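Fold and contact review
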Amino acid sequence: MIYESSMAYESNMTYDIIIIGAGVSGAAIARALSRYQANICVIEKEEDVCYGTSKANSAIVHAGYDAVPGSLKARLNVRGSRMMGRLAEELDIPFRRNGSLVVCRDKEEFPELQKLYERGVANGVEELRILGREETLAMEPNVTDDVFAALYAPTAGIVCPFELNIALAENACENGVEFRFNEEVKDIVRSGQCYELHTGRGTVRTKYVINAAGVYADVIHNMVSRRKLHITPRRGDYCLLDRAAGSHVGRTIFALPGKLGKGILVTPTIHGNLLIGPTAMEVEDREGTNTTREGLDQVLEKAGLNVKDIPVRQVITSFAGLRAHEDGGDFIIGEPEDAEGFMDCAGIESPGIASCPAIGEMAAQIVRDKMGLREKSDFVSTRKGILKPDALTREERNALIREIPAYGNIVCRCEMITEGEIIDAIRRPLGAKSLDGIKRRTRAGMGRCQGGFCSPRVMEILARECGMNLQDVTKSGGRSQIIMGMNKDML
Amino acid sequence: MEKYDIVVIGGGPAGLAAAISAKRSGIDSVLILERDRELGGILNQCIHNGFGLHTFQEELTGPEYAHRFIRQVMELGIEYRLDTMVMDISREKLVMAMNRKDGLFDIQAKAVILAMGCRERARGALNIPGFRPAGIYSAGTAQKLVNVEGCMPGREVVILGSGDIGLIMARRMTLEGARVQAVAELMPYSGGLKRNIVQCLEDYGIPLKLSHTVIDIRGRERLEGVTLAEVDGRGRPVPGTEEFYSCDTLLLSVGLIPENELSGKMGVEMNPVTSGPRVNESLETNIGGVFACGNVLHVHDLVDFVSEEAGAAGRNAAAYVKEYAENSVTGSAKDSVKDGTKASTRDNWKDGTKAGTRDNWKDSVAGSAEDSVTGSVEDSVGDSTKDNRRDGTKAGTSENATGRADHQRGREIRLQPAEGVRYTVPERINVSRMDEKLSVRFRVGNVYKNCYVSTYFDRERVSRRKRQVVAPGEMEEVILTREQLLQYPDLETISIKVEA
């Protein structure tokens, strides 16, 4: 169910559960809860799912050796990584265990690498191994010649962070979860057995609140609890390279972790690009996703420490994401003591992507037990992704084009995305409403020309499919219109 | 499966001229595959005038210029398919394409002419820091929105890069009611044609800020402003020179990149400087029967010279096909041969105005020495990846190809860019296959004043031509004649240099 922003609220409506935030955690929880009989709604302040931290990260399914044994991060990472394979199959999204290497360049730091290994073993990570220089270079010839040793984790993987988030949300939606977009929660008030959420659009009542608000999770939490949380956004700058550079390394190459995070990695993406980053810069602005010169320079410089000859001239775009770092340093999942019926899912920074299946599972179990939820008989665990014509045989593809000619029309030349895929992205549940929405669902505009050729075409298709004017087409909702009027109307 | 003698990939100015020339050279079976909705390519959005001065001695708009060629395509009955994307080309010249009507289909060609044009460099390639709001467009995308869709991308505009499209768009946006506040150029010189700086900026009082770049982009949803700063000799921002411009639109005109994904996939060898195929005097790539012309080969300034170059590619492809036919008759399935025989019918593929009148802006050979290959400009704006989409270049390969009886087979002379010269097209010459005149096109790596453009045959300087100024923004040319080359039977390398 999709709530249209123009619709008036039903005044007496009380939800069983409201999830604040449609990022990967909120979507994973929504999907996990959608198997139960309950009236569930996700409220998102942006126009689409996967809009904050979930859309700008390393997209790594970490093996699970980083977190301190016994922490929630450690437990959920390892569990989430184990669940990811099946989840990817159910949701029809790409996922590959490409393995990862943590590179140690200095003999003196070797004890740190060993510590990481031991942590991994304690956390239950399987198949971990420490490799010597030769073995490392044999596995990844572009790792720096200075490598002394490396920690190899074959179970580490890569996903598409957009598709993961979108697929979780779509599946939840198909199982009856309602989504409200462009609606920001401004205040939460306890009212009898319920909570009242005051939003930019009115008031909504619910029996249970789940806080999955990313970098705003402390703000939401602090509306209901006296035990305050404090989140510091940690910005990470990235550079994305052309697919031509995508096979520069096969595995994800990490540096030894530092104080603020896992350092700058070099990894292939699931779609065959090369991704380098992130930096770690603590910032004040929770919307501060701007890259900086220093940040980008640091990415290029530090990536080169562990991997040689990175073809930095093939950078096609750069971006920054914000990690929601909570002061305690661990994930926070559960009810605060002084706010019954309210659950946090806060401090979800790395390894959030890897953990999301387990976060959803854990949160859903807590709510199920609290509320005594019962399973539905008609829960559908699978979701069909956007049809990718290039995965078809030639005969199948031609049959498809005969039936739906739009699949014969290439719109995005760089990624070879057809009009058929774009229409699918718009029409499906929780469909795309903006250029970025289409980009994240289909990759149209994500290639080397970055939408130079296709954006006017995509705008046309969007306007036609959504019945809007060209002038109302946005890059990513809000005031992000692409055009600002017609020729000469200012003269 | 369908079969054509020549399949032309792309129906822009290069593809049109190549197809026309091939047809006029006696090949009837020619097919143009165009991915857009109409023929003409990027010319369709170039509604300003200035096209055709060399070809037609007239000032035409882009669509008018395209129309001259489209009309010939129609008159000659050359086949073309629109909305058709070429997905793959094999080394054996099996072309796989797709459209709404036919789905995926194969065409076997005897010769293929690559004429896919180029694309614009995007913001990402420059790694400009800041936010990523709406309101940032490559100049060509904005040109399409304004000139084809009639939409204004914004009201308050800053332009980064002084490539020609950027300059043209500064004027267009002004005429359509926007305020263009400045054009910033990273290099100490413009990447565009002098005439465009005068007619598009100076005439409208738009400041051109050389040695400046965008160092920050503000605005989360829609662009709210950019910060410009002066850069030092190495392109790095100079602290203290930052200046904030409040604007809703940033246009990027920071270079063009030949679209060679198909070529690369089929195994065509690329020149890293031009990002285009390496070709010989016939504009033929390392794969026999696969030719390249126009902006896919190297980015041009003027479309007239794209047409001229493409005309040569069309003739050469026709000659290849004729030889191919001969060879198949005699049963020798050779691939890239082409010697003696060449299309004897060279001629007026450009109606009326014959190209024979090549004039003097193209030196003939000349030379002496300096070095200073400074400005290798690789990452900077402008240069090899030249902005172009609208005007043209001094290109043009050869004029007459009659009497091809010489028997110098096989031997190839290497062309080498030397001091100050970044690349040459072509890179190899087989004298036995060349026309009477061959124009060698190149770009310099920096602005040079009061210099000579010199040509060396091995170590001997055979010619030099005095130039008041040469600049990366304007393509240069040297003409070689067959007669001259025949006098040097042992010649191995021809180098072109900029000398003091």
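Residues numbered from 1 in each chain as written. Chains lettered and ligands numbered in written order. Predicted model: local features only at pLDDT ≥ 70, side-chain atom pairs only at ≥ 80, totals over all residues. Heavy atoms only, no water.

Summing up its helical and strand segments, chain B has ten helices and 30 strands in all. Here chain B, with 500 residues, has 65% of them falling under the buried criterion. Considering only contacts within chain B whose residues lie at least 6 apart along the sequence, 70% involve residues at least 24 apart. Counting only carbon and sulfur atoms, one obtains 48% of the accessible surface of chain B, whose full area is about 16700 Å². (Helix = DSSP H or I, 4+ residues; strand = E, 2+ residues; numbered from the N terminus. Buried < 20%, exposed > 50% of the residue type's maximum accessible area, 1.4 Å probe, protein only. Contact = heavy atoms within 4.5 Å. Areas by Shrake-Rupley, 256 points an atom, 1.4 Å probe, with all protein chains shown as cover.)

A few words now on the environment of L76(B). Residues and elements named next belong to chain B. Here L76 is to be found in the loop between helix 3 (62–75) and strand 5 (79–81). Residue class for L76 comes out partly exposed when judged on its relative accessible area of 24%. Between the C-alpha atoms of L76 and A115, which are 39 residues apart in sequence, the distance is 19 Å. The contacts of L76, once residues within four sequence positions are left out, are I20, K23 and R24.

The next thing to look at is empty space enclosed by the protein. Enumeration over the complete set of coordinates arrives at seven cavities of 30 Å³ or more. In this structure, the largest cavity spans a volume of roughly 620 Å³. Around the largest cavity sit 31 residues that line it, and K439(A), Q450(A), G451(A), K475(A) and I136(B) are the ones nearest its centre. Residue assignment for the lining of the largest cavity shows that the elements contributing at least two residues are strand 18 (315–326), helix 11 (435–442) and helix 12 (455–466) of chain A together with helix 4 (123–126) and strand 10 (136–138) of chain B. By residue class, the composition of the lining of the largest cavity is 14 nonpolar, eleven polar and six charged. Lining the second largest cavity, in full, are D92(A), E163(A), I166(A), E170(A), R383(A), G385(A), I386(A), K388(A) and R441(A). A total of three residues in the lining of the second largest cavity trace back to one element, the largest contributor, which is helix 5 (residues 161–174) of chain A. (1 Å grid on protein atoms, 1.4 Å probe; cavity = no way out; pocket = protein on both sides within 12 Å on 5 of 7 lines; lining within 4 Å. Points joined across faces, edges and corners; volume = space filled by probe spheres on them. Nonpolar A, V, L, I, M, F, W, Y, C, P; charged D, E, K, R; others polar.)

Residue and element names in this part refer to chain A. The end-to-end C-alpha separation of helix 3 (residues 110–123) is 20 Å, in line with the 20 Å expected for 14 residues at 1.5 Å each. Taken as a whole, helix 3 has its buried residues at L113, L116, G120 and N123. Each buried residue of helix 3 sits inside an arc of 85° when the element is viewed along its axis, so together they form one side. In the core, the buried residues of helix 3 are packed alongside helix 2 (72–91), strand 5 (100–104), strand 6 (129–132) and strand 7 (149–153). Trailing helix 3 by a residue or two, G124 shows a phi angle of about 90°, which is positive. (Expected span 1.5 Å × (residues − 1). Arc of directions from axis to C-beta.)

All right, on to the sheet that holds strand 28 (residues 460–470) of chain B then. In sheet architecture, strand pairing relies on hydrogen bonds along the backbone and comes in two forms, parallel and antiparallel. Residue and element names in this part refer to chain B. With respect to topology, five strands assemble into an open sheet ordered 25-23-30-27-28, the strand pairing being mixed. The open sheet terminates on both sides in strands that have one partner only, identified here as strand 25 (428–430) and strand 28. If you compare each strand with its neighbour and ignore which way they point, the axes differ by 20° on average. Examined bridge by bridge, strand 27 (residues 448–457) and strand 28 share nine bridges and lie antiparallel to one another. Following the sheet pairing, V453 is matched in strand 28 by R465. (Pairing = 2+ DSSP bridges. Axes fitted to C-alpha atoms, helices over the stretch in contact; angles between N-to-C directions.)

This paragraph deals with the domain arrangement of chain B. Residues and elements named next belong to chain B. For chain B, the assigned domains are domain 1 (2–117 + 260–499) and domain 2 (123–254). Both sides together, the interface formed by domain 1 and domain 2 hides about 2000 Å², and carbon and sulfur atoms give 56% of it. Our count for the domain 1 to domain 2 interface comes out at zero salt bridges. Linking domain 1 with domain 2 are five residue pairs in polar contact (both at pLDDT 80 or more), by the criterion used here. Here the residues of the side of domain 1 that touches domain 2 are counted per class, giving eight nonpolar, ten polar and eight charged. (Domains from an automatic or database assignment. Buried area = accessible area lost by both parts, 1.4 Å probe. Salt bridge = Lys/Arg side-chain N within 4 Å of Asp/Glu carboxyl O. Polar contact = N/O pair within 3.5 Å; in protein donor to acceptor, adjacent residues only side chain to side chain.)

Quick look at the confidence of the model for chain B now. Across chain B, the average pLDDT comes to 86, with 83% of residues at 70 or higher. Across residues 331–408 of chain B, confidence stays below pLDDT 50; counting only partners more than four residues off in sequence or on other chains, it has 301 contacts. (pLDDT = per-residue confidence, 0-100.)

To continue, consider the packing of helix 2 of chain A against helix 8 (residues 352–371) of chain A. Residue and element names in this part refer to chain A. The geometry of helix 2 relative to helix 8 is characterised by a closest axis approach of 6 Å and an angle of 95° between their N-to-C directions. By the angle between their axes, helix 2 is roughly perpendicular relative to helix 8. Residues L72, K73, R75, L76, N77, R79, G80, S81, M83, M84 and L87 of helix 2 pack against I353, A354, S355, C356, P357, A358, I359, E361 and M362 of helix 8. (Parallel < 35°, antiparallel > 145°, perpendicular 65-115°, else oblique.)

So, about the packing of aromatic side chains. Residues and elements named next belong to chain B. Summed over all chains, the structure comprises nine aromatic pairs over all chains. Through a chain of ring-to-ring contacts, three or more aromatic side chains come together here, namely F56, Y65 and F69. Against the face of F244 rests R218, its NZ or CZ located 4.2 Å from the ring centre. Over the ring of Y452 we find K466; its NZ or CZ atom is 5.3 Å from the centre of that ring. (Phe/Tyr/Trp six-rings, centres within 6.5 Å; stacked < 30°, edge-to-face > 60°. Lys NZ or Arg CZ within 6 Å of the ring centre and 35° of its normal.)

Turning to unusual backbone geometry, a few remarks are in order. Residues and elements named next belong to chain A. With an omega of -5°, the peptide bond between G277 and P278 qualifies as cis. You can see P278 is positioned in the loop between strand 16 (274–277) and strand 17 (281–282). The residue after S350, namely P351, is reached through a cis peptide bond having omega 5°. Along the polypeptide, P351 turns up in the loop between strand 20 (342–346) and helix 8. In this structure, N182 is a non-glycine residue whose phi angle is positive, near 50°. Under the relative-accessibility criterion, N182 is labelled partly exposed at 35%.

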